[in-house]
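Commentary on secondary and tertiary structure
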There are 2 protein chains.
Amino acid sequence: MFGRCTVEYDGRAASSLGAGNRLLILKPDGTALVHTDEQRTPVNWQPPGSEHRAAVRDGRLRVRSVRENPDERLDVRFDRVEQVSALPVTGGRSVDVYGSEEDLRHRILDEPELVEPGFEPAATERATAAGPVDVFGHDDEGRPVVVELKRRRVGPDAAGQLGRYVEALARELPDGTEVRGVLVAPSVTDRAGELLAEKGLSHVPLSPPASSTTPSGDGRGSTTAPERSTDADDGAD
Amino acid sequence: MFGRCTVEYDGRAASSLGAGNRLLILKPDGTALVHTDEQRTPVNWQPPGSEHRAAVRDGRLRVRSVRENPDERLDVRFDRVEQVSALPVTGGRSVDVYGSEEDLRHRILDEPELVEPGFEPAATERATAAGPVDVFGHDDEGRPVVVELKRRRVGPDAAGQLGRYVEALARELPDGTEVRGVLVAPSVTDRAGELLAEKGLSHVPLSPPASSTTPSGDGRGSTTAPERSTDADDGAD
DNA sequence: GCCTAGGTCCCGTCC
DNA sequence: GGACGGGGCCTAGGC
């Protein structure tokens, strides 16, 4: 729907939006989106699982979307409706994304020496008191190693996360066991690097594979994919 | 636009979506959104700042959206276009949200005793080597206190964040200065609670103000009508 | 430009 | 249901 409306939201937070022309999208799964002409993020919304209702109040259309847990309500009141469309969506609803953290894990399980020579993976998602460890294994001297994977450049939070896992594991292993921690990520910020150093953790610069296939080959360091010569022509206006 | 299309994305990651009817939204700020009939998150997109182009290739419409830094490209190829609309958006594009972390900060600056009796705020966003501290102050015995605010229930990450601030501040103050850390949030998870205990940090259960009605002197310019007598009528179907 | 952290984050997964 | 962590997170604010 498109038209002049006001939008009121109340739930986890609350907001109010004055009159203006906006696009309201109502999905059959209970999603509601209010979009203006800027930003990727809707100016107001309701997550899937909400219930949409429409009613006419004082001669105006009001669309209300409500959900529970948490209790939230979105009200869109229209002065004037410019357009309404019912669109029959078909086909795939999700995509497989290549270049995820999972792809990075596969890359490492295929070539453990990418972490370091002699590294031997033993488990993925190994449970600890602090949560599951991405890759758990042993180094060339048999010491336990916790590997935390990130698909992109990381900040202090990732260093903290790895530190928590290492500490949790050290606590659950026999007293005195030295547990090493390795952060595998394309790069780290300065502050994250300092934190890693403080905690005695290390960083291995490594990116997810550039494409879904070919676990070997370069990480997506700088240059773009050379192939994909698909239609080299540029589009008109 | 709505029609049968395929979608290819390549950039920070990569994805491919087979043919189907979807909604494509192109915004003048360079945003592109591809929505199916499920989920709040678009199945594919391009962030603001991208450049949209359209061209006909092999008798089919292709919409391409490209941006740089990072290099990313989204291609939507249409078999068939069911509908095209140009919608004149007007009016407000953003909302003031009530119940944010900022509101929680105002609440505490107005009533510091909510943190603890005798607490005296000294600064907000105080800079440390680990980043800015939400609220910095002193307790009834003059000890420095770091207050970290969260608008909702928090997990282990928030405990780690507060821990980093406390440690950074302890390092920059004279040797031996005891720095206290207080996490102000509606509630904490079990694991976060354990982490806080380990680090000698404490938790004060407190939420952002329920309504926009900031209790006395709001720092925010405007305030909406506080009551909002919710129209008691329920909508028809 | 990068870094840092908030968000009505959304979302899947596993307990 | 809650908890936990990933995400092409997005977005704002500093430096």
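Under an unreviewed UniProt entry, chain A has the name Endonuclease NucS and belongs to Halolamina pelagica. Looking at the Function (unreviewed entry) heading of the UniProt record, one finds this comment for chain A: "Cleaves both 3' and 5' ssDNA extremities of branched DNA structures." Listed in UniProt under the heading Sequence similarities (unreviewed entry), the comment for chain A reads: "Belongs to the NucS endonuclease family."

Now for helix α3 (residues 190-199) of chain B. Here α3(B) has its buried residues at A192(B), L195(B) and L196(B). Buried residues along α3(B) cover an arc of 100° about the axis, so they all sit on one side. Away from its buried face, by an angle of more than 90 degrees, α3(B) presents the exposed residues D190(B) and A197(B). On its buried face, α3(B) sits against α2 (156-172) of chain A together with α2 (156-172), β12 (180-185) and β13 (202-205) of chain B. Looking at the residues trailing α3(B), positive phi occurs at G200(B), about 75°.

This part takes up the sheet that holds strand β10 (residues 133-138) of chain A. Residues and elements named next belong to chain A. The strand order β9-β10-β11-β12-β13 describes an open sheet built from five strands, whose pairing is mixed. Of all strands in the sheet, those with a lone pairing partner are β9 (120-126) and β13 (202-205), marking the two edges. Across this sheet, the average inter-strand angle for adjacent strands is 30°, counted without regard to direction. Here β10 runs beside strand β11 (residues 144-149); their pairing, made up of four bridges, is antiparallel. Along β11, the bridge assignment pairs F136 with V146. Contacts from α2 reach β9, β10, β11 and β12 (180-185) within the one sheet, and its direction differs from that of β11 by about 155°.

Quick notes on the rules
Residues numbered from 1 in each chain as written. Chains lettered and ligands numbered in written order. Predicted model: local features only at pLDDT ≥ 70, side-chain atom pairs only at ≥ 80, totals over all residues. Heavy atoms only, no water. UniProt positions renumbered as here; feature names shortened; annotations may be inferred. Buried < 20%, exposed > 50% of the residue type's maximum accessible area, 1.4 Å probe, protein only. Helix = DSSP H or I, 4+ residues; strand = E, 2+ residues; numbered from the N terminus. Arc of directions from axis to C-beta. Contact = heavy atoms within 4.5 Å. Pairing = 2+ DSSP bridges. Axes fitted to C-alpha atoms, helices over the stretch in contact; angles between N-to-C directions.

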